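# What the coordinates show
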Amino acid sequence: MRGSSAEFTEYRPYRQGDDLRRIDWKLFARSNRAYIRLSNDRAILPTTVVLDASASMAFPVDTLGKWHLAAQLAVGLAAVARNSADPVGLVIATMGEMVILHPRTRQSVIYEMVNAVTEITPRGSPLLVTAVDAAVRMSGRIVLISDFLGEEADFLATVSRAVVAGKEMHALH
């Protein structure tokens, strides 16, 4: 993320509309040209992966290929976020009680996610909206992994409210 942190990255020529507070005035005095001081600003953003474990994810029935691919994507994306020093969590929308792992930064969270997805067999028709609501309360970035079959109107309304509230939403179909 480009911002104004203490770690300097590079200079860029001033363009109309840039914030005047970001001009390097000492460089301006030496060169008689206005330059903006750029830096990398690192923000920690908790990430929660929402994984759909409905019956439609159990396709084909003999191999559960769709479920295994979705679970691998969930763990892989969580590992990428975790290696970027972001806390990661997981919400699995299952029949009955949801599986919720709150976002944490410790290394063992990835192993806990692997254990959670291997213990689940997709079945029934859980409410993905409830899982998304739980994730919105926990994180700033939410990754949805689903085939998005069913409950369209409620789901779109919930996601729209989260985006308006400033949440970063990503969907993998």
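In short, a report on the structure. The residue numbers shown here count from 1 along each chain, following its written sequence. In keeping with the model being predicted, local features are shown solely for residues with a pLDDT of at least 70 and side-chain atom pairs are shown and tallied solely at 80 or more, while totals for entire chains, interfaces and linings include all residues. Where side-chain values are given, they derive from all heavy atoms of the structure, hydrogens and water being excluded.

This part covers the pattern of salt bridges. Take a side-chain nitrogen of Lys or Arg and a carboxyl oxygen of Asp or Glu: if they are within 4 Å of each other, that pair is a salt bridge. Within this structure, the stated rule accounts for 8 salt bridges. Notably, a salt bridge pairs D19 with R21, separated by 3.1 Å at the nearest N-O pair. Each residue is assigned to one of three classes by its accessible area relative to the maximum for its type, calculated with a 1.4 Å probe on protein chains only: buried under 20%, partly exposed between the two thresholds, exposed over 50%. By relative accessible area, which is 73% here, R21 ends up exposed. We note a salt bridge from E112 to R104, for which the minimum N-O separation is 2.0 Å. The exposure class of R104 is partly exposed, given its relative accessible area of 22%. Several salt bridges converge on common partners, so that one network encompasses D86, R141 and E168.

Here a strand is any run of E in DSSP of at least two residues, a helix any run of H or I of at least four, and the numbering for each starts at the N terminus. With respect to the helices, strands and loops of the structure, I110 is situated in helix α3 (residues 108–118). A relative accessible area of 12% means that I110 is categorised as buried. In sequence terms I110 and A78 are 32 residues apart; their C-alpha atoms lie 7.1 Å from each other. The residues touching I110, leaving out its near neighbours within four places in the chain, are V75, A78, A79, R82 and V88. By definition, residues are in contact when any of their heavy atoms lie within 4.5 Å.

Strand pairing follows a simple DSSP-based rule, namely that at least 2 bridges must link the two strands. As summarised here, the arrangement of the 5 strands in space is β5-β4-β3-β6-β7, forming an open sheet in which the pairing is mixed. What marks the edges here is a single partner per strand, and that holds for β5 (99–104) and β7 (168–172). When the angles between neighbouring strand axes are averaged without regard to direction, this sheet yields 15 degrees. Judged from the 4 bridges that link them, strand β4 (residues 88–93) and β5 form a sheet pairing that is antiparallel. When the sheet's bridge partners are listed, I92 is paired in β5 with V99. Angles run from 0 to 180 degrees between N-to-C directions of axes, and those axes are lines fitted to C-alpha atoms, restricted for helices to the stretch in contact.

Take a nonpolar patch on the surface next. A surface patch of nonpolar side chains, about 400 Å² in accessible area, is lined by Y14, L20, W25 and F28. Relative to the helices and strands, L20 is located in the loop between β1 (2–13) and α1 (25–31). Like-charged residues are merged into a patch within 9 Å and nonpolar side chains (Val, Leu, Ile, Met, Phe, Trp, Tyr) within 5 Å, provided each residue has over 30% relative accessible area and no salt bridge. For every accessible area listed, the method is Shrake-Rupley and the probe measures 1.4 Å; residues are considered covered only by the protein chains on display.

So, about the packing of aromatic side chains. For Phe, Tyr and Trp, rings pair up if their centres lie within 6.5 Å, where Trp contributes its six-membered ring, and each pair is then called stacked (planes under 30 degrees apart), edge-to-face (over 60) or tilted (otherwise). Counting across every chain of the model gives 3 aromatic pairs. A centroid spacing of 5.7 Å and a plane angle of 85 degrees characterise the contact between W25 and F28, whose relative ring orientation is edge-to-face. With W25 and F28 both in helix α1, this residue pair falls 3 residues apart, about one helical turn. Seen from their ring centres, F148 and F155 are 5.4 Å apart, and the 50 degrees between their planes marks the pair as tilted. The class for F148 is partly exposed, based on a relative accessible area of 24%.

Spatial relationships are all this shows, so hold off on functional conclusions.
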